[in-house]
Amino acid sequence: MLRQWYPVLFMLSSTFSLSLTGLLTKYLTTQLDSNLLSFLRFLLPSIILMVFFIGRKLRVPPHQLLKPIWVRAFCIGACQVCFIYSLSHLTLVESVVLFGTGPLFLPLLEKLIYGVSISGLTIGALIGTFAGVVLLAGDVSGIEFRVELLVGLAAGVFNAGSQLSLYRASKSELNPYEINFWTFIFAALFIAPILLVSASVDATLWHPQEMSSLLVMVILLVLAVLIINTQVFRAKAYKLADSGSQLAPLIFTNLLFTALWQLMFFDVSFNYYQLMGLSLIIVSTIANVLLPRWLAYRQSKLV
């Protein structure tokens, strides 16, 4: 009975770590060049995972798995570049809200590419969650076009592609640590040319202002551990799930954790619209997780 809750628990652990990752990254955007920070976000976790594999056999991805890993590496790399850019120009909650639109695209991509059916409950939960995301952005009557908003939304699109390819890769024989090691390495390779161009234009990539370089390194290492935890637990969740869209609404719990960090560390308050949005997200997430199990339990009792 407890095993059926493992995907939910793994996904919640992943989103909690992801929210902390966003918080620390927001601080680091004022200390490091965005392209250098994007590169280190993948290089450092891969180095840590390499240490983990000392004395163990690191399997090379089979040929049929290379495509989803390369696709995931590209998507996750592009996603983080866009996300870090939006973090440096928007508030923490605004950036995470745009990043969090990924699950809205996930079932659609899964349907278009793989022909996977979408349950009515999942569609309803996604619609309710989308309404919550819109309300969480505040008074929609004041929305105006900004480039950083478009870049932040692009992070959500690449996030969806990343999750979809992760779900496919998680069904392979490689364990989550091996999948993420190769993903991080490939993602760092994708970002390396962008970093070289950035370095040729602006020589100041490392510019700590309010903290020492040693403290920045410590935060980067903590960030690397959180990134590993986020991806490994998410891979475990997808490995036990029936489809990628089944867990899509749970990804939005990242918004709830982020809203808490925003209140604790940035001294902001939520208006009426945002409180309604948070409530909608919570209700939609709980309904998508609990209602199918309740219906299955009721059906078993009738039989």
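For the structure, check the block above.
About the cut-offs
Residues numbered from 1 in each chain as written. Predicted model: local features only at pLDDT ≥ 70, side-chain atom pairs only at ≥ 80, totals over all residues. Heavy atoms only, no water. Core = buried A, V, L, I, M, F, W, Y, C linked by side-chain atoms within 4.5 Å. Buried < 20%, exposed > 50% of the residue type's maximum accessible area, 1.4 Å probe, protein only. Helix = DSSP H or I, 4+ residues; strand = E, 2+ residues; numbered from the N terminus. Contact = heavy atoms within 4.5 Å. Salt bridge = Lys/Arg side-chain N within 4 Å of Asp/Glu carboxyl O. Expected span 1.5 Å × (residues − 1). Bend = angle between axes of the 7 residues up to and from the residue. Phe/Tyr/Trp six-rings, centres within 6.5 Å; stacked < 30°, edge-to-face > 60°.

Undergrad: Any chance you could break down the nonpolar core for me, citing the residues and the numbers?
TA: Note that soluble globular proteins tend to have their nonpolar side chains buried in a common cluster. Within the largest apolar cluster, 48 residues are counted, with the highest numbers of intra-cluster contacts made by Met 11, Leu 28, Leu 40, Phe 42, Leu 220, Tyr 238 and Leu 247. For this core, the elements supplying multiple residues, two or more each, are α1 (6–28), α2 (34–52), α3 (63–89), α7 (147–170), α8 (176–201) and α9 (213–240). With twelve residues, the top contributor of residues to this core is α9. Among residues more than four places away in sequence, those in contact with Leu 247 are Pro 7, Met 11, Ala 237, Tyr 238 and Ala 241. Residues Cys 82, Leu 87, Val 133 and Ile 281 belong to the second largest nonpolar core, which totals 18 residues.

Undergrad: Let's hear about the pattern of salt bridges: which residues, and what values?
TA: Tallied over the full model, the rule gives one salt bridge. One salt bridge connects Arg 59 with Glu 178, and the closest N-O pair in it is separated by 2.7 Å. Here Arg 59 is found in the loop between α2 and α3, whereas its partner Glu 178 is found in helix α8, with 119 residues between them in sequence. Judged by its relative accessible area of 2%, Glu 178 is buried.

Undergrad: Which residues make up α8, and what are the values?
TA: In a regular helix each residue adds 1.5 Å, so 26 residues correspond to 38 Å; α8 covers 37 Å between its end C-alpha atoms and thus fits that length. For α8, the principal kink sits at Ile 191 and spans about 30°; a proline, Pro 193, occurs within the next four residues.

Undergrad: Hey, could you go over the packing of aromatic side chains for me, with residue numbers and the actual values?
TA: Counting across every chain of the model gives 15 aromatic pairs. Seen from their ring centres, Trp 70 and Phe 190 are 5.5 Å apart, and the 85° between their planes marks the pair as edge-to-face. Of the two residues, Trp 70 is situated in helix α3 and Phe 190 in helix α8; the sequence distance between them amounts to 120 residues. What makes Trp 70 partly exposed here is its relative accessible area of 34%.

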